[in-house]
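Overview (structure and organization)
Chain by chain, the residues:
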Amino acid sequence: MEIIILPDADAVASTTADIIEEQVRSGRSVLGLATGSTPLGTYRELIERHSRDGLSFADAQAFLLDEYVGLPASHPESYHSVIRREFTDSVDFTVGTVHGLDGEAENPAAEAGRYDASIAAAGGVDVQILGIGTDGHIGFNEPMSSLSSRTRIKTLTEQTRRDNARFFASQNEVPEHVLTQGLGTIREARHLLLLGLGEAKAAAVAAAIEGPIAAACPASVLQLHPHVTILLDAPAASKLAHTEYYQYTLGRKPAWQRF
Ligand code: F6R
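The shown structure was predicted, so the numbers you read here are calculated from the model rather than taken from an experiment.

The rules behind these values
Residues numbered from 1 in each chain as written. Predicted model: local features only at pLDDT ≥ 70, side-chain atom pairs only at ≥ 80, totals over all residues. Heavy atoms only, no water. Helix = DSSP H or I, 4+ residues; strand = E, 2+ residues; numbered from the N terminus. Rg over C-alpha atoms; globule rule 2.2 N^0.38 Å. Buried < 20%, exposed > 50% of the residue type's maximum accessible area, 1.4 Å probe, protein only. Contact = heavy atoms within 4.5 Å. Areas by Shrake-Rupley, 256 points an atom, 1.4 Å probe, with all protein chains shown as cover. 1 Å grid on protein atoms, 1.4 Å probe; cavity = no way out; pocket = protein on both sides within 12 Å on 5 of 7 lines; lining within 4 Å. Points joined across faces, edges and corners; volume = space filled by probe spheres on them. Nonpolar A, V, L, I, M, F, W, Y, C, P; charged D, E, K, R; others polar. Phe/Tyr/Trp six-rings, centres within 6.5 Å; stacked < 30°, edge-to-face > 60°. Pairing = 2+ DSSP bridges.

Quick look at the overall build of the chain now. Assigned secondary structure in the chain consists of seven helices and 11 strands. For the chain, the C-alpha radius of gyration of 17 Å lies close to 18 Å, the compact-globule estimate for 259 residues. Across its three principal axes, the chain shows a C-alpha extent of roughly 55 × 40 × 35 Å. Looking at the chain as a whole, 52% of its 259 residues are labelled buried. Put simply, 77% of the contacts in the chain that link residues at least 6 apart link residues at least 24 apart. Of the roughly 11000 Å² of accessible surface on the chain, a fraction of 52% belongs to carbon and sulfur atoms.

Here it is in structure tokens:
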């Protein structure tokens, strides 16, 4: 894993946007998009590069990581709505190329299978953006998820529903179920970018990078992936013990290691 510790959230956003830009400029690309707060700075940066530098997404496709079950796509907090509001409607994706899960599907298992098949039919994800939950989840693969899981319905933990209550009027309104790409699905993306911002993520980040590979911390499965870049601000990196092995751009150490 390539671990890059940056001074602040803006630096994480611009470094992540650099990686996405390089991918998108290299030709037809399939992007994996996360929602939640963490990637918002990256999306703002990409929107800015689209209007300022002509960075075009016309030849790209996107697949969302997950969706709440039971929320209509038109609900302002459905991930269908969030990604359009925060990113894709402000750039030039071709209509029909931003794909998500149908949280209202009558048969969630069939919807999950359809989604995995549509990712495969698109040729797989080139670059996948991931956030991390305070409990170590990626996508909505909560602790004890199978490390090989496919897209499926999951129940959110109380901790995640509490964490996400800020997007709703109250915690009671946070849906209990989600459809999420599985850990096995996520691991098929060719390049994974895990972003961590803020001290609240520090324990999960340390467990993911330095702990054992274990279902208790689903993000630890990234240790098995051949191409992972983890971009952290200083507070999110604050519980890492073995920082001598990581690449700093804080000015404390030279950038000495590229994978
Ligand atoms: C969202 C997702 C989640 C979030 C995670 C962190 O699509 O898959 O794994 O990335 O819950 O959320 P934030 O960024 O809001 O702290």
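Let us now look at the layout of surface pockets. Estimates place the volume of the largest pocket at around 430 Å³. What lines the largest pocket is a set of 26 residues, and nearest its centre among them are Gly36, Ile132, His137, Asn164 and Lys201. Per-element tally for the lining of the largest pocket: the top contributor is helix α5 (residues 158–164), with three residues. Considered class by class, the residues forming the lining of the largest pocket number 11 nonpolar, 11 polar and four charged.

If you walk through the whole model with that rule in mind, you get nine aromatic pairs. Residues Tyr43 and Phe87 carry aromatic rings whose centres are separated by 4.7 Å and whose planes lie at 5° to one another, so their mutual orientation is stacked. Here Tyr43, found in helix α2 (residues 40–53), pairs with Phe87, found in the loop between α3 (79–86) and β5 (98–99); they are 44 residues apart in sequence, far enough to count as distant. Here Tyr43 falls in the buried class, since its relative accessible area comes to 1%.

For the rest of this paragraph, the subject is the sheet that holds β5. On the basis of which strands lie adjacent, the open sheet formed by eight strands has the order β5-β3-β2-β6-β9-β10-β1-β11 and parallel pairing. In the strand order of this sheet, the two ends are held by β5 and β11 (247–248), each with one partner. With five bridges connecting them, strand β9 (residues 191–196) and strand β10 (residues 228–233) associate as parallel partners. Bridging from a neighbouring strand, Leu192 pairs with Val228 of β10.

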